[in-house]
Amino acid sequence: MKRALLIAFALAASAAQAQTNPFANNPAAVDEGRSLYNSTCTGCHGANGAAGEFGPGLAIPGRSYARRSDAEIFGAIQHGIPGTPMPAHQGKLTDDQIWKIATYVKGLRGTAIDAPSPGDVAAGEAVFWGKGACGSCHIVKGRGSIVGPDLTNLASLRKTNSIIDALTKEQHRVYGPGGAQPHLLTPLQTYPVVRITAADGKTVRGVLRNEDSFSLQVMGLDEHLHLYDRSKVKVVYEPKSLMPSDVDKRLGKEEFDNLLAYLTRLGAPLQPAAAAVKMPGGPERD
């Protein structure tokens, strides 16, 4: 009996593999898939692709996924997974609904631009430049400060969870690829804060851009690049970043959600032609 079930599932998966997702790269479908996922799947799986009480995480960083394509995810939702608590949803959901959930799950495994957070984007942009004061350090499309990193393509480079961590945790890291989407995430640059005191007593506080045994380059909070002879200045390395780690507490929930809606749309999705990245001496990675 078990063997028959496995064969039936394999045949169904093979048939699904031949199907094409009619909602691929459709932002509206991702939003609908999010709603369907939250109402149908979070009883077992966690929100935003995290692990739940009964189901595994569907977008956990670094995880190797057995079902990576749209069709494979569709098949798992439609027919369930034999030998696991994953039930079949055929008859409970329409094919279109299942495709939309699959589109959302696939998007969660990419960077933020593939499944941007819900909210009022225009209001989030106003928070970014206003109450959030993000533009006092960051630049977006040529506007803002050059003290911190340029966020113009943030959502194309970072996962949503990584962006949330940067806003809410003192120690945060970039989530590695490991998902179904073909994004290779670049390492997170560090922006150590230093205070320089010259021989004449003048001090400059800013972000260390470069240093060696003889010199230092500091981007001051005045947005000027300062060059120093290391032997002629006193350098104090501050333990904390300029980046606040309590943005969610400084803002109201709706303001924070709107800010995320704006940040997770900064950039552009990878074009299909550039999706696969050939690694030297090995297979394509995603």
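Provided above is the structure to which this section pertains.
Within each chain, residues carry numbers counting from 1 in the order of the written sequence. In keeping with the model being predicted, local features are shown solely for residues with a pLDDT of at least 70 and side-chain atom pairs are shown and tallied solely at 80 or more, while totals for entire chains, interfaces and linings include all residues. Only hydrogens and water are removed before side-chain values are computed, so all heavy atoms of the structure are retained for them.

1. As for the nonpolar core
Put simply, the rule is: Among buried residues, the Ala, Val, Leu, Ile, Met, Phe, Trp, Tyr and Cys ones that are joined through side-chain atoms within 4.5 Å form a nonpolar core. For every residue, the accessible area (1.4 Å probe, protein chains only) is compared with the maximum for its type, and the residue is labelled buried under 20%, exposed over 50%, or partly exposed between those bounds. Think of it this way: any DSSP run of H or I at least four residues long counts as a helix, any run of E at least two long counts as a strand, and we number them from the N terminus.
The biggest cluster of nonpolar side chains holds 21 residues, and the ones touching the most others in it are Tyr37, Ile77, Ile101, Tyr104 and Val105. Every element with two or more residues in this core is listed here: helix H2 (27-40), helix H3 (70-79) and helix H4 (95-108). Broken down by element, this core gets its largest block of residues, seven residues, from H4.

2. Here's the deal with the sheet that holds strand S7 (residues 233-237)
Which entries qualify depends on this criterion: When DSSP finds at least two bridges between two strands, those strands are taken to pair. Only the stretch in contact is used when a helix axis is fitted, and all axes are lines through C-alpha atoms; the angle between N-to-C directions ranges over 0 to 180 degrees.
Strand order across the open sheet formed by five strands is S6-S5-S4-S3-S7, with antiparallel pairing between neighbours. Bordering the open sheet on either side are strand S6 (225-229) and S7, each of which pairs with just one other strand. On average, each strand axis in the sheet is tilted by 40° relative to the strand beside it, whichever way the strands run. Bridge count between strand S3 (residues 193-198) and S7: five bridges; the pairing is antiparallel. Looking at S7, one finds that Arg195 is bridged to Val236.

3. Quick look at helix H5 (residues 121-129)
What counts here: To obtain the arc, one takes the directions from the helix axis to the C-beta atoms. In this analysis, two residues are considered to be in contact whenever any of their non-hydrogen atoms come within 4.5 Å of each other. Polar contact criterion, stated in full: a pair of N or O atoms within 3.5 Å, where within protein one must be able to donate a hydrogen and the other to accept it, and residues adjacent in sequence count only if both atoms are side-chain atoms.
Along H5, the residues classified as buried are Gly124, Val127 and Phe128. Viewed end-on, H5 has its buried residues packed into an arc of 100°, placing them on one side of the element. Turning to H5, the residues buried within the fold contact strand S1 (139-140) and helix H9 (253-263). Of the residues flanking the start of H5, the one acting as N-cap is Asp120, its side-chain oxygen 3.2 Å from the backbone nitrogen of Ala122.

4. Structural notes on the packing of helix H7 (residues 160-168) against H9
This is how it is decided: Here the word oblique covers every angle except those under 35 degrees (roughly parallel), over 145 (roughly antiparallel) and from 65 to 115 (roughly perpendicular). Whether a crossing is left-handed or right-handed is set by the direction in which the near helix is turned from the far one by less than a right angle, anticlockwise for left-handed and clockwise for right-handed. Just so you know the grouping, Ala, Val, Leu, Ile, Met, Phe, Trp, Tyr, Cys and Pro go in nonpolar, Asp, Glu, Lys and Arg go in charged, and all remaining residues, Gly too, go in polar.
Closest axis-to-axis distance for the H7/H9 pair is 11 Å, and the angle between their directions is 130°. Judged by the angle between their axes, H7 and H9 are oblique. Crossing of H7 over H9 shows right-handed handedness. Two secondary-structure elements touch here, H7 through Ile163, Ile164, Leu167 and Thr168 and H9 through Phe256, Leu260 and Leu263. For the contact of H7 with H9, the per-class residue count stands at six nonpolar, one polar and no charged.

5. Comments concerning the pairing of strand S4 (residues 203-211)
In terms of strand pairing, S3 meets S4 through five bridges, oriented antiparallel. Across the sheet, Val193 pairs through a bridge with Val207, a residue of S4. Between the antiparallel neighbours S3 and S4 lie four residues, among them Gly201 with a positive phi of about 90°. Inspection of the sheet shows S4 paired to strand S5 (residues 215-220) by five bridges, in the antiparallel sense. The residue of S5 that forms the bridge with Gly206 is Gly220. As consecutive antiparallel partners, S4 and S5 are separated by three residues.

6. Remarks on the packing of aromatic side chains
We apply this condition: Classification of ring pairs uses Phe, Tyr and Trp, with its six-membered ring standing for Trp, and accepts pairs whose centres are within 6.5 Å; under 30 degrees between planes counts as stacked, over 60 as edge-to-face, and the remaining range as tilted. By the criterion adopted, a ring carries a charge over it if an Arg CZ or a Lys NZ lies within 6 Å of its centre and within 35 degrees of its normal.
Using the criterion set out here, one finds four aromatic pairs in the structure. Aromatic side chains Phe128 and Trp129 sit 4.8 Å apart centroid to centroid with 75° between the ring planes, which places their arrangement in the edge-to-face category. Taking relative accessible area as the criterion, Trp129 reaches 21% and is therefore assigned partly exposed. Among the aromatic residues, those joined into a ring-pair cluster are Phe128, Trp129 and Tyr262. The ring centre of Phe23 lies 5.0 Å from the NZ or CZ of Lys100, which sits over that ring. The aromatic ring of Trp129 is capped on one face by Arg143, whose charged end is 4.0 Å from the ring centroid.

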